[in-house]
Amino acid sequence: MRTHRWLGVGLITLGAGLIVSAILGPLVLGVVDYPLSESLMNQTLGLDAVSLVLVAPVSVLAGALALRGHPAGPVLGFGPAAYGWYMLLQFVVGPEYVYYPGALPLHLGLFVLSGAVAVGTWRAIRIEELPPATRRADRLRGVLLLAFSGFLLSRYVPLVADALRGEGLSPEALEGVTMFWSIFLLDLGIVLPATIAAAAGVIAGTFWGRKAMYALVGWWTFVPASVAAMAIVMAANDDPNASAGQAAVFVVVAVVVLAFAAALYRGLFRADRVVSAPEGGAGQRHLARVG
């Protein structure tokens, strides 16, 4: 087993930083004052709740595993790092500050740390230490990733159609224009292409596709859960933009992704973590390149 000392320390520090950020925010102490609308403030409450009770503990756990040299450490660590980078970019640019906020050093530091840890975890994931799987199982996983991609894309199709017709933004989007476009760019410019590429790689039987799948599922575990929490908080607080139907949809999606992640990552803690070669000639070529 290879220990990843700096990576373990980075993941634990990231988890601690996410806890501090959530506690200082409106969810607990309210020390950080975000100049946001009612809807965006409700969404921030849900986001901080998921960061506090789900993302941060997984980051600390992944850090502890990385320090011990467990192969699951880098795999589990990519999700919190990618989530942190995705979330903190919105925390810095989304509120459209007209002053320098007191939380800027914390959020900027965590943003940089998230990016560094994401790169470190990706480099530390070794495909020969991923659990073995049949080609049929990997094809099914690839199809599920495509389904996740389709769900993400479906959220934006009406918006793109409105843009092509020259329509304006929705009232909810107008409450935080910068927040809206930052999420738009991250989802359609990074998350969607990466997920489709990982799905294609897994279905084709490549090792890089399996590595990308294990990494990206971590992000997918956290973000739908955070969106579901946002929708729940909005509904509970009688937000004018709340939708019980959307809340129910995101809860179902979050549960499905969580079940998929649990089944996928469970194999990381088994003793037989030597990857098997995909069937067929193409698989043998991939194995030769890895070896």
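Below is a summary of the structure that appears in this document.

So, how was this worked out
Residues numbered from 1 in each chain as written. Predicted model: local features only at pLDDT ≥ 70, side-chain atom pairs only at ≥ 80, totals over all residues. Heavy atoms only, no water. 1 Å grid on protein atoms, 1.4 Å probe; cavity = no way out; pocket = protein on both sides within 12 Å on 5 of 7 lines; lining within 4 Å. Points joined across faces, edges and corners; volume = space filled by probe spheres on them. Helix = DSSP H or I, 4+ residues; strand = E, 2+ residues; numbered from the N terminus. Nonpolar A, V, L, I, M, F, W, Y, C, P; charged D, E, K, R; others polar. Expected span 1.5 Å × (residues − 1). Contact = heavy atoms within 4.5 Å. Salt bridge = Lys/Arg side-chain N within 4 Å of Asp/Glu carboxyl O. Buried < 20%, exposed > 50% of the residue type's maximum accessible area, 1.4 Å probe, protein only. Phe/Tyr/Trp six-rings, centres within 6.5 Å; stacked < 30°, edge-to-face > 60°. Axes fitted to C-alpha atoms, helices over the stretch in contact; angles between N-to-C directions. Parallel < 35°, antiparallel > 145°, perpendicular 65-115°, else oblique. Left-handed = near helix turned anticlockwise from the far one by under 90°.

### Topic: the layout of surface pockets
There is about 1200 Å³ of room inside the largest pocket. Forming the boundary of the largest pocket are 42 residues, of which Gln43, Tyr156, Glu172, Ile183 and Val227 lie nearest the centre. When contributions to the lining of the largest pocket are tallied by element, the ones reaching two or more residues are helix 2 (38-68), helix 3 (72-93), helix 5 (135-154), helix 6 (157-164), helix 7 (171-174), helix 8 (177-204), helix 9 (207-236) and helix 10 (244-266). With nine residues, the top contributor of residues to the lining of the largest pocket is helix 9. Per-class residue counts for the lining of the largest pocket are 30 nonpolar, nine polar and three charged. If you add up the space inside the second largest pocket, you get close to 420 Å³. Lining the second largest pocket are 18 residues; nearest its centre among them are Phe78, Ala82, Ile190, Ala194 and Leu216.

### Examining helix 10
With 23 residues, helix 10 extends 33 Å from end C-alpha to end C-alpha; this agrees with the ideal 33 Å at 1.5 Å per step. The secondary structure elements touched by the buried residues of helix 10 are helix 3, helix 5 and helix 9.

### Describing the pattern of salt bridges
If you walk through the whole model with that rule in mind, you get four salt bridges. Between Asp138 and Arg141 there is a salt bridge, and its shortest N-O distance comes to 3.3 Å. With Asp138 and Arg141 both in helix 5, this residue pair falls three residues apart, about one helical turn. The same class applies to Asp138 and to Arg141, which are both buried.

### Looking at the packing of aromatic side chains
Counted by the stated rule, this structure contains 14 aromatic pairs. Their ring planes at 85° and their centres at 5.5 Å tell us that Tyr156 and Phe184 sit as a pair that is edge-to-face. Taken together, the positions of Tyr156 in the loop between helix 5 and helix 6 and Phe184 in helix 8 put the pair 28 residues apart, joining distant regions of the chain. On the basis of relative accessible area, Phe184 is assigned to the partly exposed category, the value being 23%. Taking the centre distance of 5.3 Å and the plane angle of 85° together, the rings of Trp219 and Trp220 count as edge-to-face. Across the pair, exposure class does not vary: Trp219 and Trp220 are buried alike. Members of the aromatic cluster, joined through ring pairs, are Tyr86, Phe148, Trp219, Trp220 and Phe260.

### Re the packing of helix 2 against helix 3
Running from N to C, helix 2 and helix 3 point in directions that differ by 150°, and their axes come no closer than 8 Å. With respect to helix 3, the axis of helix 2 lies roughly antiparallel. Every pair of crossing elements has a handedness; the one defined by helix 2 and helix 3 is left-handed. Residues Thr44, Leu47, Asp48, Val50, Ser51, Val55, Val58, Ser59, Ala62, Leu65 and Ala66 of helix 2 touch helix 3, and the partners they reach there are Ala72, Gly73, Leu76, Gly77, Pro80, Tyr83, Met87 and Phe91. A per-class count over the contact of helix 2 with helix 3 returns 13 nonpolar, five polar and one charged.

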